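Okay, here's what each chain looks like letter by letter:
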Amino acid sequence: MAKIPVQFTLNGSEKAEFIDSGTTLLQALRDKIGDTSPKGGCHQGTCGACSVIIDGELRLSCLTLAETCNGATITTTSGLAEGGVLHPLQRAFLDTFATQCGFCTPGMIMAAKALLDHTPNPSRDEVVEALSGNICRCTGYEPIIQAVLTAARANSQNAA
Amino acid sequence: MALALQTFATVKAANAALKAAGTRYLGGGTLVVRAANEGDVSVSGLIRSTEPSLSTIAVAGDKVCIGASVTMAAIAGHPELGTLAKAARAVGGPAIRNMATVGGNLFAPAPYGDFAVALLALDATVSTDGGETPIETFLANRDGSRAVVTSVSFTLPKADSFRFLKVSRVKPKGVSVLSIAGALELSSDGTVTSARIALGCMADRPMRARAAEKALIGRTLTADGIAPALAAAGDGTSPITDPIASAWYRAEVLPVHLGRLLLA
Ligand SMILES: Cc1cc2nc3c(=O)[nH]c(=O)nc-3n(C[C@H](O)[C@H](O)[C@H](O)COP(=O)(O)OP(=O)(O)OC[C@H]3O[C@@H](n4cnc5c(N)ncnc54)[C@H](O)[C@@H]3O)c2cc1C
Ligand code: FES
Ligand code: FES
């Protein structure tokens, strides 16, 4: 079958690839483009490990066809650090021991970023709700919730 | 197996393409791409349309028309659709809600279809290029439906006349044990003058609780007043059994939750 051209902005840089029609964004990012930060956990929409931000909205890359992302702006966890300095969310995840095996972490960070981008000072309930589509088998969630609240506080201190 | 996607600017062209064997419409993809990932080879071609009207929410007075591609997140965040926000927020987690469309929810098999339960209680009309169908008829015939759903329309209920409840084990996000929507009108003395109650997970697709509706007419929303409706709640139901709950359990708890919804 003829390959389909797709073009989008990934973490600030233009990407263009030829893919098979029906390729998921998760496959395109990991296997074609080489961004392995989104993880394939379930491929069923249930674990959230593949979460990315597309045009400002949290989405599941395992259920998104890459060709529907033509012209989109996509953010993944690998694009968060700037010049070797970790993003406040990444820093907070390390500081609060919110990452153990790490498999859920990039998805959690994307879900948290999507929350903080719209709601810079969330309540604990808002954090729980924002992470509700993401599963973690290691941490028991509490350190992750603390990490997001810590990053939100760090953000608001920087903004003050 | 490769899954070929074809995108059309118009619904008309998408409808023509859907005539080919093995094709299916692509909404947000949360069910149809998931099925492909799981190895469902019955679908070889996905069709979608980018016609702008599919993504539009139009509110004129109390008349609402929601394009089939509108997402649950867009409904939950719409300033004039506050009464429906709870039902839209009942669907999945944040990422699912950013993807899941109204059109797809009409086709979602139980335990899914929570928003369609709300639309059924609202007596919505489902539109395709071929015309308009009452939602109840649409749901009954949906397995044979090939046409692109373009929109759903309904009269916006007054905030206090519409109620929605989803029961799930995992909070805040979890698959439904059951969901219930009720559109009730009361006279000035508090007796029920009209009632539409829709149930999710009590059959393979959203259904009306007709016996309970009938038993509510002329009654007040008190424990005594609703007792006959609760006794009749299970009439005609055949709940699903899945890893969340057995049919027996769903049937047992339905009157409890209907009671909570009516007395809330
Ligand atoms: C992790 C997870 C959790 C979920 N939780 C819930 C939940 O809590 N509640 C709930 O109700 N659902 C839930 N769902 C199911 C699903 O996300 C929703 O029902 C959603 O609304 C389906 O819409 P979609 O646009 O993604 O459908 P798609 O997957 O795009 O399509 C589903 C079906 O509908 C057909 N279709 C879609 N749009 C149209 C149209 N415009 N015209 C004709 N046919 C059309 C497709 O051909 C397909 O057969 C969940 C799914 C996942 C993966
Ligand atoms: S891999 Fe996408 S939700 Fe699990
Ligand atoms: S850290 Fe292992 S799954 Fe979350």
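Residues numbered from 1 in each chain as written. Chains lettered and ligands numbered in written order. Predicted model: local features only at pLDDT ≥ 70, side-chain atom pairs only at ≥ 80, totals over all residues. Heavy atoms only, no water.

An unreviewed UniProt entry lists chain B under the name Molybdopterin dehydrogenase FAD-binding protein, from Mesorhizobium ciceri biovar biserrulae.

The name given to chain A in an unreviewed UniProt entry is (2Fe-2S)-binding domain-containing protein, with the source organism recorded as Mesorhizobium ciceri biovar biserrulae.

All names here are of chain A. Two elements in contact, helix α2 (residues 88-95) and helix α3 (residues 105-118), have axes separated by 10 Å at closest approach and are oriented at 125°. By the angle class used here, α2 and α3 are oblique. As α2 packs across α3, the resulting crossing turns out to be right-handed. Contacts from Leu89, Gln90 and Phe93 of α2 reach α3 at Thr105, Met108, Ile109, Ala112, Lys113 and Leu116. Of the residues contributing to the contact of α2 with α3, the split by class is six nonpolar, two polar and one charged. (Axes fitted to C-alpha atoms, helices over the stretch in contact; angles between N-to-C directions. Helix = DSSP H or I, 4+ residues; strand = E, 2+ residues; numbered from the N terminus. Parallel < 35°, antiparallel > 145°, perpendicular 65-115°, else oblique. Left-handed = near helix turned anticlockwise from the far one by under 90°. Contact = heavy atoms within 4.5 Å. Nonpolar A, V, L, I, M, F, W, Y, C, P; charged D, E, K, R; others polar.)

Before going further, it helps to examine the site of ligand 1. Every one of the 32 residues lining ligand 1 counts as a neighbour, but Tyr25(B), Gly28(B), Thr30(B), Thr101(B) and Asp114(B) are closest to it. Around ligand 1, the nearby residues trace back to chains A and B. Within the backbone of Gly113(B), one N or O atom sits 2.7 Å away from an oxygen atom of ligand 1. For ligand 1, the protein covers 96% of the area, taking 970 Å² as the surface of the free molecule. (Near = heavy atom within 4 Å. Polar contact = N/O pair within 3.5 Å; in protein donor to acceptor, adjacent residues only side chain to side chain. Areas by Shrake-Rupley, 256 points an atom, 1.4 Å probe, with all protein chains shown as cover.)

The next subject is the pattern of salt bridges. Overall, the coordinates contain 14 salt bridges over all chains when judged by the stated rule. The partner of Arg59(A) in a salt bridge is Glu57(A), with the nearest N and O atoms 2.9 Å apart. Judged by relative accessible area, Arg59(A) falls into the partly exposed class, the value being 23%. For Glu57(A), a relative accessible area of 31% gives the class partly exposed. Lys166(B) is paired through a salt bridge with Asp114(B); the nearest N and O atoms lie 3.2 Å apart. One end of the pair, Lys166(B), is in strand β9 (residues 162-168); the other, Asp114(B), is in helix α7 (residues 114-121), with 52 residues separating them in the sequence. One network of salt bridges, in which partners are shared, links Glu136(B), Arg208(B), Arg210(B) and Glu213(B). (Salt bridge = Lys/Arg side-chain N within 4 Å of Asp/Glu carboxyl O. Buried < 20%, exposed > 50% of the residue type's maximum accessible area, 1.4 Å probe, protein only.)

Residues and elements named next belong to chain A. Taken as a whole, chain A is organised into domain 1 (4-79) and domain 2 (88-159). Summarising the inter-unit geometry, the C-alpha centres of domain 1 and domain 2 are found 21 Å apart. Between domain 1 and domain 2, the residue contacts involve 16 residues of the former and 14 residues of the latter. Summed over both sides, the interface between domain 1 and domain 2 buries roughly 1200 Å², with carbon and sulfur atoms accounting for 66% of that surface. Per-residue buried area on domain 1 facing domain 2 is highest for Ile53, Leu58 and Thr77; these three make up 40% of the total on that side. Viewed at the interface, domain 2 and domain 1 are joined by zero salt bridges. The interface formed by domain 1 and domain 2 holds three residue pairs in polar contact (both at pLDDT 80 or more) in total. With three residues, strand β3 (residues 51-54) is the single largest residue contributor to the side of domain 1 that touches domain 2. Taken together, the residues of the side of domain 1 that touches domain 2 break down into five nonpolar, ten polar and one charged. (Domains from an automatic or database assignment. Buried area = accessible area lost by both parts, 1.4 Å probe.)

Turning next to the domain arrangement of chain B. Accessible area lost upon the coming together of the parts serves often as the stated size of an interface. Residue and element names in this part refer to chain B. Here chain B is partitioned into domain 1 (4-49), domain 2 (52-155) and domain 3 (162-263). At the junction of the two partners, domain 1 supplies 14 residues and domain 2 supplies 14 residues. In this assembly, domain 1 packs against domain 2 so that about 1100 Å² is buried in total across both faces, 60% of it on carbon and sulfur atoms. Among the residues domain 1 hides against domain 2, the three largest losses belong to Val11, Thr30 and Leu31. Together they make up 40% of the total. Joining domain 1 to domain 2, the criterion identifies zero salt bridges. Linking domain 1 with domain 2 are five residue pairs in polar contact (both at pLDDT 80 or more), by the criterion used here. Contributions of two or more residues to the side of domain 1 that touches domain 2 are made by α1 (11-17) and β2 (23-25). Counting residues per element, the side of domain 1 that touches domain 2 draws most heavily on α1, which supplies four residues. Counted by class, the side of domain 1 that touches domain 2 contains six nonpolar, six polar and two charged residues.

This part takes up the interface of chain A and chain B. Each partner contributes residues to the interface: chain A has 23 residues there, and chain B has 23 residues. At the boundary of chain A and chain B, one finds one salt bridge. For the pair chain A and chain B, the number of links is eight residue pairs in polar contact (both at pLDDT 80 or more). Of all the elements in the fold, those that place two or more residues in the side of chain A that touches chain B are β4 (57-60) and α4 (124-130) of chain A. In terms of residue class, the side of chain A that touches chain B is made up of eight nonpolar, eleven polar and four charged.

Next up on the list: the sheet that holds strand β11 (residues 192-200) of chain B. All names here are of chain B. Reading across the sheet, the four strands line up as β9-β10-β11-β12 and stay open at both edges, with antiparallel pairing between neighbours. Two strands in the sheet have a free side with no partner beyond their single neighbour: β9 and β12 (207-208). Looking at chain direction, β9 and strand β10 (residues 176-186) are connected through seven bridges and run antiparallel. Each residue of the ladder has a partner; that of Arg163, found in β10, is Gly182. Sitting on the sheet, helix α11 (residues 247-263) is in contact with β9, β10 and β11, with an inclination near 35° to β10. (Pairing = 2+ DSSP bridges.)

What follows covers the packing of aromatic side chains. All names here are of chain B. Tallied over the entire structure, the rule returns one aromatic pair over all chains. Seen from their ring centres, Phe107 and Phe138 are 5.5 Å apart, and the 85° between their planes marks the pair as edge-to-face. Here Phe107, found in helix α6 (residues 102-107), pairs with Phe138, found in helix α8 (residues 135-141); they are 31 residues apart in sequence, far enough to count as distant. Under the relative-accessibility criterion, Phe107 is labelled partly exposed at 32%. On the basis of relative accessible area, Phe138 is assigned to the buried category, the value being 7%. If you follow Arg169 out to its NZ or CZ, it ends over the ring of Tyr249, 5.1 Å from the centre. (Phe/Tyr/Trp six-rings, centres within 6.5 Å; stacked < 30°, edge-to-face > 60°. Lys NZ or Arg CZ within 6 Å of the ring centre and 35° of its normal.)

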